[in-house]
Amino acid sequence: MPDADHEGKLRQMRETAMGIFRHALAEASIAKAFARKVRCERGVLRICEDLYDLQSYSSVRVISIGKAGHTMVEALVEQVGASLEGIVASSVEPAVQGRGFRYFRGGHPMPNAESIHAASAILKLLQAQTAASLVIVLLSGGGSSIVEKPIDDEISLDDLIATYRALVHSGAPIAEINAIRKHLSSIKGGRLAQAAFPAQQVSLLVSDVPDATPDALASGPTMPDSTTAEDCYRIARKYGLLDEGQFPPSTRELFERRVLDETPKSDAQAFYRSRWWTVLSNGTAVAEAKAAAERAGFVVHVDNTCDDWDYGHVADYLLQRLRELRKDSARVCLISGGEVTVKVTNGGVGGRNQQFALACARKIVGENISVLSAGTDGIDGNSPAAGAVVDGGTIERARNRGWDAEAALEKFDAYPLFKAIGDAIEIGPTGNNLRDLRILLAYLNSGENARGLEAREHP
C-alpha cells in the first residue's frame with residue numbers, strides 16, 4: 001500500500017502531465033494558426049504564400065468539413081469578415097450559426113443520413129461554380145464520415161455504415177483505411193476538386209494524418225490521390241475485409257469483381273488551379289508540449305517512431321525508451337505524437353488512447369512514471385473522454401474499487417474503469433483535431449540515483 005507522500009507525488013505527476021497537455025492544446029489552436037498564416041487586407045486574402053484578390057472573383061464560396069469545421073470557419077471569418085458564404089459540416093452543433101452558411105451535423109466515426117445530405121448539398125453548390133469563382137475548402141479530421149456519398153448507388157446507408165465499421169475495427173492504420181474510403185466515395189480522393197472544376201480552389205488543412213500523406217486528411221477530397229484501386233484490393237486482402245461478416249455484400253462485390261473506379265491523380269485537369277496548405281498539424285502540438293515540459297524542468301525527448309503501431313507494441317517501446325532515458329536524468333519526459341492502432345473485437349466503451357494508457361498502467365505498477373494519452377479533438381473512440389492519464393498506482397486504485405484491469409483491457413472497455421478512479425480525461429470536444437499526444441513522465445525515486453536505478457532494473 002503506497003503511503004500518503006507517494007500518493008501525493010503520483011497525483012502531482014498526473015497533474016503535471018495534464019498541464020503539459022492543456023498547454024499544447026491552447027497554443028496549437030486554430031485561431032492562433034490562422035492569425036499567423038491567413039490575413040486579409042484591402043480585399044486581398046493571403047494564405048501562406050498565396051494571394052487572392054477577392055474582388056476579382058464573381059463568387060467566393062467556403063466549404064468547411066471535419067471536427068474543426070466550425071472553429072476553422074470562425075477563424076477565417078475573423079480574418080476576412082462576415083461576407084463569406086458556404087456550407088459547414090461537422091460532427092457537433094455550432095455554438096452560433098454564421099450568416100450566409102448552411103450547417104450539417106454529419107456522423108462520426110460512422111456516417112449518418114446527414115452526412116449524405118451534406119455531401120449532396122456540397123456537390124450541388126460546387127457544380128454551380130465557374131472559372132471566375134473561388135472555392136476555399138477548410139479540411140480537418142473526421143471529415144471522412146462527416147461528409148460522404150457512395151459512388152455506387154447500390155451501397156445503402158446501412159451498408160455504408162457497415163463498411164466503415166469493418167474498416168475502423170480492422171486494425172489498419174488510417175492511411176490504409178482512407179485509401180479504401182476514397183475509392184468508394186463520390187467526393188473523396190480528389191473527387192470534390194473535380195466537382196468544383198473549373199473554379200480556382202485553395203484548401204486549408206488542420207491535419208490529423210501523418211505529414212507525409214496530407215491527402216489522407218478527410219480522405220483527401222480536394223487533393224490528387226496517391227493510392228490506387230490495386231492498393232485497395234491489397235488492403236482488403238491483408239485485413240480479411242472480404243471474409244464473411246466484414247464488408248456487406250454490396251461493397252464486397254465491388255472488390256470481388258475488381259471494378260473500383262480509379263480516383264483522380266496529379267495530372268488531372270481538376271488540379272490545374274488548385275492549391276493546398278497545411279496550417280496546423282500534430283507537429284505543432286508536439287512542439288508546444290515539448291516547450292511546456294522543458295519549462296517544468298524536464299529533460300525532454302520526442303519520439304514519433306511508433307506512429308500507427310499496435311498499441312501494445314507502442315506501450316512496450318515507449319516505456320523501454322523512458323526507462324533508458326531515466327538512467328541519465330532525474331526528471332525526464334518522452335513525448336510521442338500520432339496514433340496507435342487497435343483491432344477491436346466486441347468492444348465496450350473506450351478508445352485507442354485509453355486502451356494504450358491501460359496497457360501502460362499494467363507495466364508501471366509501483367514506479368514513479370506517469371503516462372498520458374489523449375486525442376487533441378477531446379474525443380477517444382466511442383467514449384466521452386479524450387483519453388486517460390495513469391501512473392504507478394492506477395492498477396491498485398482500480399483494484400481497490402473492485403475493477404479488473406485485465407478484463408477491461410481484454411474487452412476494450414477501459415473508460416468505465418478510468419471514469420471510476422478519476423484517471424479519465426474529460427474535456428469535451430475541442431473544436432480542433434491534430435491526432436493524439438502521448439506524454440510520459442518519469443522521476444527517480446527519493447534518494448535514488450541513476451546508477452542505483454540501473455542496478456535495480458538490471459540485477
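Residues numbered from 1 in each chain as written. Predicted model: local features only at pLDDT ≥ 70, side-chain atom pairs only at ≥ 80, totals over all residues. Heavy atoms only, no water.

1. Re the sheet that holds strand β3 (residues 50-53)
Here's step 1: Ordered by their spatial adjacency, 3 strands build an open sheet running β1-β2-β3, and the pairing between neighbours is antiparallel. Where the open sheet ends on each side, the last strands, each with one partner, are β1 (38-41) and β3. Shown here is a sheet whose adjacent strand axes are inclined to one another by a mean of 20 degrees, direction ignored.
Here's step 2: The pairing of β1 with strand β2 (residues 44-47) spans 4 bridges and is antiparallel. Residue pairing for β2: Glu41 is matched across the bridge by Val44.
Here's step 3: Packing of helix α2 (residues 30-37) onto the sheet brings it into contact with β1 and β2, and relative to β1 it is tilted by some 55 degrees.
Here's step 4: Sheet contacts for helix α3 (residues 69-80): β1 and β2; angle to β1, the most-contacted strand, approximately 30 degrees. (Pairing = 2+ DSSP bridges. Helix = DSSP H or I, 4+ residues; strand = E, 2+ residues; numbered from the N terminus. Axes fitted to C-alpha atoms, helices over the stretch in contact; angles between N-to-C directions. Contact = heavy atoms within 4.5 Å.)

2. Some details on the nonpolar core
Here's step 1: Grouped together as the largest cluster of nonpolar side chains are 59 residues, with contacts concentrated most on Phe34, Leu45, Leu76, Ile136, Leu204 and Leu372.
Here's step 2: Leaving out residues up to four positions away in the same chain, Leu204 has contacts with Phe34, Val38, Ile47, Met72, Ile136, Val137, Leu138, Leu139, Trp277 and Val279.
Here's step 3: Membership of the second largest hydrophobic core comes to 38 residues, among which are Val332, Ile395, Phe418 and Ala424. (Core = buried A, V, L, I, M, F, W, Y, C linked by side-chain atoms within 4.5 Å. Buried < 20%, exposed > 50% of the residue type's maximum accessible area, 1.4 Å probe, protein only.)

3. Thoughts on the packing of helix α12 (residues 311-326) against helix α13 (residues 352-363)
Here's step 1: Where α12 meets α13, the closest approach of the two axes is 9 Å, and the angle between their N-to-C directions is 50 degrees. Here α13 runs oblique to α12, going by the angle between their axes. Crossing of α12 over α13 shows right-handed handedness. Side by side, α12 and α13 meet where Tyr311, Val314, Ala315, Asp316, Leu318, Leu319 and Arg323 of the first sit next to Gln355, Phe356, Ala359, Cys360 and Lys363 of the second.
Here's step 2: Across the contact of α12 with α13, the residue classes break down as 8 nonpolar, 1 polar and 3 charged. (Parallel < 35°, antiparallel > 145°, perpendicular 65-115°, else oblique. Left-handed = near helix turned anticlockwise from the far one by under 90°. Nonpolar A, V, L, I, M, F, W, Y, C, P; charged D, E, K, R; others polar.)

4. A few points about the state of the cysteines
Here's step 1: A full pass over the atoms with the stated rule returns 0 disulfides.
Here's step 2: This cysteine, Cys48, is not joined by any disulfide, and Cys40 carries the nearest cysteine sulfur, 15 Å off.
Here's step 3: In this model Cys306 remains outside any disulfide bridge; the closest cysteine sulfur is found in Cys360, 10.0 Å from its own. (Disulfide = S-S within 2.5 Å.)

5. A word on the packing of helix α6 (residues 157-168) against helix α7 (residues 174-183)
Here's step 1: At a minimum axis distance of 10 Å, the contact between α6 and α7 shows a crossing angle of 160 degrees. Looking at the two axes, α6 sits roughly antiparallel to α7. At the point where α6 passes α7, the crossing takes the right-handed sense. Every residue of α7 that contacts α6 at Tyr164, Leu167 and Val168 is listed here: Ile177, Ile180 and Arg181.
Here's step 2: When the residues that make up the contact of α6 with α7 are grouped by side-chain class, the tally is 5 nonpolar, no polar and 1 charged.

6. Some details on the packing of aromatic side chains
Here's step 1: With the rule as written, the count across this model stands at 5 aromatic pairs.
Here's step 2: A ring pair is formed by Phe298 and Tyr443, whose centres lie 5.7 Å apart and whose planes are at 80 degrees; its orientation type is edge-to-face. In this pair, Phe298 sits in the loop between α11 (282-295) and β10 (299-302) while Tyr443 sits in strand β15 (residues 436-443), placing the two residues 145 residues apart along the sequence.
Here's step 3: Of the residues examined, Phe298 reaches a relative accessible area of 5% and is grouped as buried.
Here's step 4: A relative accessible area of 7% means that Tyr443 is categorised as buried.
Here's step 5: Judged by centre distance (5.1 Å) and plane angle (65 degrees), the ring pair of Trp309 and Tyr317 falls under edge-to-face.
Here's step 6: Taking relative accessible area as the criterion, Trp309 reaches 23% and is therefore assigned partly exposed.
Here's step 7: Ring pairs connect the aromatic residues Tyr233, Phe247 and Phe255, which therefore count as one cluster.
Here's step 8: Lying over the aromatic face of Phe298, Arg331 brings its terminal NZ or CZ to 4.3 Å of the ring centre.
Here's step 9: The aromatic ring of Phe356 is capped on one face by Arg438, whose charged end is 6.0 Å from the ring centroid. (Phe/Tyr/Trp six-rings, centres within 6.5 Å; stacked < 30°, edge-to-face > 60°. Lys NZ or Arg CZ within 6 Å of the ring centre and 35° of its normal.)

7. Considerations on helix α1 (residues 4-27)
Here's step 1: Helix length check: α1, at 24 residues, gives a terminal C-alpha distance of 35 Å against a target of 34 Å (1.5 Å per residue), a fit within 8%.
Here's step 2: Taken residue by residue, α1 has Leu10, Met13, Arg14, Ala17, Met18, Ile20, Phe21 and Ala24 as its buried positions.
Here's step 3: Of the surrounding secondary structure, the elements contacted by the buried residues of α1 are α11, β12 (369-375), β13 (387-391), α14 (394-400), β14 (424-425) and β15. (Expected span 1.5 Å × (residues − 1).)

8. Observations concerning the environment of Gly402
Here's step 1: Tracing the sequence through the fold places Gly402 in the loop between α14 and α15 (405-410).
Here's step 2: According to the relative accessible area criterion, Gly402 is exposed, its value standing at 65%.
Here's step 3: Residues Gly402 and Leu417, spaced 15 residues apart in sequence, show a C-alpha to C-alpha distance of 9.4 Å.

9. As for the side chain of Thr227
Here's step 1: Among the structural elements, Thr227 can be located in the loop between β8 (200-206) and α9 (229-238).
Here's step 2: In terms of polar contacts, Thr227 uses its side chain to reach the side chain of Asp225, at 2.9 Å.
Here's step 3: Aside from chain neighbours lying at most four places away, what touches Thr227 is Ala179, Lys182, His183, Glu262, Thr263 and Lys265. (Polar contact = N/O pair within 3.5 Å; in protein donor to acceptor, adjacent residues only side chain to side chain.)

10. Some remarks on the sheet that holds β13
Here's step 1: Here 6 strands make up an open sheet; going across it, the order is β10-β11-β15-β12-β13-β14 and the pairing mixed. What marks the edges here is a single partner per strand, and that holds for β10 and β14.
Here's step 2: As defined by bridge partners, β13 adjoins β14 across 2 bridges and the pair is classed as antiparallel. Residue pairing in the sheet places Gly387 in a bridge with Ile425 of β14.

11. Description of the environment of Leu157
Here's step 1: With respect to the helices, strands and loops of the structure, Leu157 is situated in helix α6.
Here's step 2: For Leu157, a relative accessible area of 26% gives the class partly exposed.
Here's step 3: In this structure, the C-alpha to C-alpha distance between Leu157 and Ile116, residues 41 residues apart in sequence, is 8.4 Å.
Here's step 4: In contact with Leu157, not counting residues within four places along its chain, are Pro111, Asn112, Ala113 and Ile116.

12. Here we look at the layout of surface pockets
Here's step 1: The calculated volume of the largest pocket comes to roughly 1,000 Å³.
Here's step 2: Considering the residues around the largest pocket, the lining is formed by 48 residues, among which His108, Pro109, Val168, Arg352 and Gly381 are closest to the centre.
Here's step 3: At the level of elements, α5 (143-146), α6, α7 and α13 are the ones that each hand at least two residues to the lining of the largest pocket.
Here's step 4: With 4 residues, α7 is the single largest residue contributor to the lining of the largest pocket.
Here's step 5: Residue composition of the lining of the largest pocket, grouped by class: 17 nonpolar, 20 polar and 11 charged. (1 Å grid on protein atoms, 1.4 Å probe; cavity = no way out; pocket = protein on both sides within 12 Å on 5 of 7 lines; lining within 4 Å. Points joined across faces, edges and corners; volume = space filled by probe spheres on them.)

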